[in-house]
Amino acid sequence: MTETTAAGLRNLKQLLNDKMDCLVACAAFVSEHSTEITSLLTDLQNTNRSQMPTLYRKLTDLAMVFDFCASATPADFREKTKEALSLCEDPDDRDECVDMFHRVMLHCSEKLQASIAKHPAWKTIQGARVFDPRQLPSTEVASKANYLDVFPSLETVPDLEWHMYTTGSEVAEGTDLATWWSSQEQRLPVLTKVAKTVVCMPVASVDVERFFSAYNDLFSCKRTNLTDENLKLLLMLKYNRALLA
């Protein structure tokens, strides 16, 4: 073992002895407050659900968590973090931890806001809320004219259909929006076509990446003569084989 390595281990041991309470508090904070980010990223990869209209709410909820925690008192943190902070014997260590938590969450908030501000599809993400009846009260004014610049196809929707939708539509929490809109095809035939295009819009590149992987599996060096049509049929069988069982 080199002298440098030995010195590093001694410093680490000293740190663990002197700052154990602070390290435990930091571990609790990371564990609890990374849940929102992990949950959101996992949810975005769930391509079985239509998510575009709810994406705005998820991102703004995450931003609110960051903003709140950036100035929260020790009593406002989640239970494990709060408990770990209460076990810090040195008040200075506790204050140092809280200050570090504030700086971390402020940095997260600034990074998220910067990403949102420069996102090329942010107006689409904002406007898509209007196709979720549960979010209609939260939209500024549910006037069709307010969304024509983002969704020009709304121009084809009769005013009566729009009025019926914005004043008399309800959907239970947890209901898949694509399924709900399919049930509205007779009541709102034109609007349903537009809405289903929006709510089924992918919000991540997961599907594209999976398709490339699938194409690599199918279009191997032993299948270089596959026609486009046969490749399409093989891909369809690959993704729908469960229906054939």
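For the structure, see preceding data.
Read on for a plain summary of the structure. (Residues numbered from 1 in each chain as written. Predicted model: local features only at pLDDT ≥ 70, side-chain atom pairs only at ≥ 80, totals over all residues. Heavy atoms only, no water.)

1. Here we look at the overall build of the chain
Stage number 1. Counting secondary structure elements, the chain contains eleven helices and zero strands.
Stage number 2. In the chain, the succession of helices and strands from N to C terminus is α-α-α-α-α-α-α-α-α-α-α.
Stage number 3. Counting all 245 residues of the chain, 32% fall into the buried class.
Stage number 4. A fraction of 63% describes how many contacts in the chain between residues 6 or more apart in sequence connect residues 24 or more apart.
Stage number 5. On the chain, roughly 15500 Å² of surface is accessible, and the fraction owed to carbon and sulfur atoms is 58%. (Helix = DSSP H or I, 4+ residues; strand = E, 2+ residues; numbered from the N terminus. Buried < 20%, exposed > 50% of the residue type's maximum accessible area, 1.4 Å probe, protein only. Contact = heavy atoms within 4.5 Å. Areas by Shrake-Rupley, 256 points an atom, 1.4 Å probe, with all protein chains shown as cover.)

2. Considering helix H4 (residues 79-86)
Stage number 1. Within the sequence span of H4, burial applies to Thr81, Ala84 and Leu85. Angular distribution of buried residues about the axis of H4 spans 100°; they occupy a single face of the element. What points out from H4, more than 90 degrees from its buried face, is the exposed set Glu79, Lys80, Glu83 and Ser86. (Arc of directions from axis to C-beta.)

3. Considerations on the nonpolar core
In a soluble, globular protein the nonpolar side chains are often hidden away together inside.
Stage number 1. Core analysis: the biggest nonpolar cluster contains 48 residues, and Phe77, Phe101, Phe131, Leu154, Trp181 and Leu191 have the highest contact counts within it.
Stage number 2. Elements supplying a minimum of two residues to this core: helix H1 (3-33), helix H3 (52-69), H4, helix H5 (91-117), helix H6 (122-127), helix H7 (159-167), helix H8 (177-182) and helix H9 (189-199).
Stage number 3. With eight residues, the single largest contributor to this core is H3.
Stage number 4. Those residues in contact with Phe101, other than ones at most four positions away along the chain, are Ala25, Cys26, Phe29, Phe77, Thr81 and Leu85. (Core = buried A, V, L, I, M, F, W, Y, C linked by side-chain atoms within 4.5 Å.)

4. Quick look at the environment of Phe68
Stage number 1. Position of Phe68 among the secondary structure elements: in helix H3.
Stage number 2. C-alpha of Phe68 to C-alpha of Leu106: the two residues are 38 residues apart in sequence and 9.2 Å apart in space.

5. Brief notes about the packing of aromatic side chains
Stage number 1. Enumeration according to the criterion identifies nine aromatic pairs in this entry.
Stage number 2. Ring centres 5.8 Å apart and planes at 85° place the aromatic pair Phe29 and Phe77 in the edge-to-face group. Of this pair, Phe29 sits in helix H1 while Phe77 is found in the loop between H3 and H4, placing the two residues 48 residues apart along the sequence.
Stage number 3. Taking relative accessible area as the criterion, Phe77 reaches 3% and is therefore assigned buried. (Phe/Tyr/Trp six-rings, centres within 6.5 Å; stacked < 30°, edge-to-face > 60°.)

6. A few points about the pattern of salt bridges
Stage number 1. Tallied over the full model, the rule gives six salt bridges.
Stage number 2. Across the pair Arg103 and Asp99 runs a salt bridge, and its minimum N-O distance is 3.1 Å. In this pair, Arg103 and Asp99 both sit in helix H5, four residues apart, roughly one turn of the helix.
Stage number 3. Residue Arg103 is classed as partly exposed on the basis of its relative accessible area of 49%. (Salt bridge = Lys/Arg side-chain N within 4 Å of Asp/Glu carboxyl O.)

7. Comments concerning a negative patch on the surface
Stage number 1. On the surface, Asp21, Glu89, Asp90, Asp92 and Asp95 cluster together into a negatively charged patch.
Stage number 2. Relative to the elements of secondary structure, Asp21 occurs in helix H1. (Patch = residues over 30% accessible without salt bridge, like charges linked within 9 Å, V, L, I, M, F, W, Y side chains within 5 Å. Lys, Arg positive; Asp, Glu negative; His and termini not counted. Charge placed at Lys NZ, Arg CZ, Asp CG, Glu CD.)

Interpretation note: all reported values are geometric properties and have no functional meaning in isolation.
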